[in-house]
Amino acid sequence: VGDVAGMGSDLFGSFAESTCAALVIGSSIGLTGGWDAMVFPIVVSAVGVGVCLICSFLATDILPVKREEHVEQALKLQLISTTALMIPAVFLAAKGFLPPEFELQAAVGIDRTLLLHPWEAASCVIMGAVGGLIIGLITEYYTSHSYKPVREVADSCKTGPATNMIYGIALGYKSVIIPVIVLALVVYGSFTVCDMYGVALAAIGFLTNLATGLTIDVYGPVCDNAGGIAEMAELESFVREKTDALDAAGNTTAAIGKGFAIGSAALVSLALFGAFVTRIRHSSDDELFSLGVNMLEPLTFAFLIIGGMIPFAFAAMTMKSVGVAAMEMVMEVQRQFDEKPHLLDANPTERPDYDACIAISTNASLKEMVPPGVLVIFTPLLTGIFFGVFAVSGLLVGSLVASVQLAISMSNSGGAWDNAKKYIEKASPDSDLKGKGSDIHKAAVVGDTVGDPF
């Protein structure tokens, strides 16, 4: 539910938001470019669906997977091929739907209009698409056990859970560096070329291969569940080995999906902030924000710091919620074992009460998400009502800057701990890592348990 419906709704939310932001910021294009030019962001999204459909035949018909080690390569090829094919496709869409020249109202400056060309709009989309691919591949490097970082985390388990924690958290922090630099370059490049409209197009570019991104993201939990079914059905060990191999690739693709979600959300947030500034300018007849947002305004700067705290408050609430639900679940399982000790027999005659455990997780997920949801929705509303638009602008920028760093580091730490555990489980009892059931494996399980709420 979390990896499929949760991640799907997150990415589709970013998709809709980036499209809406581009339509709001680029609304002035309709005056000179007409209807076709105005709906260009939606055309880009449509082109992306077609490109992903064509590239899907690579994995199913042209280059099907024959060996275990080719699974990750096939999934990676899907991302690379869709991005590569998007480049000419977007240029053709821009040439077909945008006029040779069109004017756009600048986000900053009074009566300042920009004269743009189709290739400039297309280049912004491509910057986003290539930036998304780079972030996806960097995420894979830091979360796949085929590479050095996760193997270092696995080796750190030899000295216990504490060193595993230290290595995992350090890996997460380190994995932030390149994605943030890439995001900064995409923002700078797209803004230079097409102003705030370019940033909104870059956000759409990030999600042009959303169909492929979601497909390889959903692949992970499907394989994980297949492994669970194989274990519960007590199938032969080689079946479980196959599903574990698929699941390890699935963990990496899930992390890649999260990388896309975080990167696109950052650009979408900035694009929506641009749309917010555009609306404020329009509503105030250019009295507010006509020369941009002044961060040295005392109220704006004060709320910039408060905005930086919001992601940490949100993360604390959600992580504690997971802990509360997990404790309830453990107590329920313990109660069932105490009341019905025969459940632990090799061939129990009675089934455990699965419904009680499912009810705990379902109720907790609904009930515990109310406070974080209220925090996110009401913070900007109350800030705007009591302190005004200058405070809201600081709040939004502060939360955007802090959330990107926090989200990438936590996501990659969690993915790395999960795959470090799987890497140790694959090792034989005679090897350095001792394999499943050893003290090294127990240390890795502790990391994986912490990594799940991350």
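Residues numbered from 1 in each chain as written. Predicted model: local features only at pLDDT ≥ 70, side-chain atom pairs only at ≥ 80, totals over all residues. Heavy atoms only, no water.

1. Some remarks on the overall build of the protein
- Summing up its helical and strand segments, the protein has 15 helices and 2 strands in all.
- In summary, the protein has a C-alpha radius of gyration of 24 Å against a globular reference of 22 Å for 454 residues, a match within 12%.
- Projected onto its principal axes, the C-alpha positions of the protein cover 80 × 55 × 40 Å.
- Partitioning the contacts of the protein with sequence separation of at least 6, the portion at a separation of at least 24 is 75%.
- In the structure as shown, the protein presents an accessible area of about 22300 Å², 68% of it carried by carbon and sulfur atoms.
- Positive and negative side-chain charges in the protein, numbering 25 and 44 respectively, have mean positions lying 6 Å apart. (Helix = DSSP H or I, 4+ residues; strand = E, 2+ residues; numbered from the N terminus. Rg over C-alpha atoms; globule rule 2.2 N^0.38 Å. Contact = heavy atoms within 4.5 Å. Areas by Shrake-Rupley, 256 points an atom, 1.4 Å probe, with all protein chains shown as cover. Lys, Arg positive; Asp, Glu negative; His and termini not counted. Charge placed at Lys NZ, Arg CZ, Asp CG, Glu CD.)

2. Some points on helix α5 (residues 118–143)
- Compared with an ideal rise of 1.5 Å per residue, which puts 26 residues at 38 Å, α5 spans 38 Å between its outermost C-alpha atoms and is within 8% of the ideal.
- A large share of α5 lies buried, amounting to 20 of its 26 residues. (Expected span 1.5 Å × (residues − 1). Buried < 20%, exposed > 50% of the residue type's maximum accessible area, 1.4 Å probe, protein only.)

3. What about the packing of helix α3 (residues 40–62) against helix α4 (residues 70–97)?
- As a packed pair, α3 and α4 sit with axes 8 Å apart at the nearest point and diverge in direction by 145°. Viewed along their axes, α3 and α4 form a crossing whose handedness is right-handed. Contacts between α3 and α4 involve Phe40, Val43, Val44, Val47, Gly48, Val51, Cys52, Ile54, Cys55, Ser56, Leu58 and Ala59 on the former and, on the latter, Leu77, Gln78, Ser81, Thr82, Leu85, Met86, Ala89, Ala93, Ala94 and Phe97.
- Residue classes in the contact of α3 with α4 are distributed as 17 nonpolar, 5 polar and no charged. (Axes fitted to C-alpha atoms, helices over the stretch in contact; angles between N-to-C directions. Left-handed = near helix turned anticlockwise from the far one by under 90°. Nonpolar A, V, L, I, M, F, W, Y, C, P; charged D, E, K, R; others polar.)

4. Structural notes on the confidence of the model for the protein
- Per-residue confidence for the protein averages 85 on the pLDDT scale, and 97% of its residues sit at or above 70.
- Put simply, helix α2 (residues 29–38) is where the protein has its lowest mean pLDDT, 70, and helix α7 (residues 161–174) is where it has its highest, 93. (pLDDT = per-residue confidence, 0-100.)

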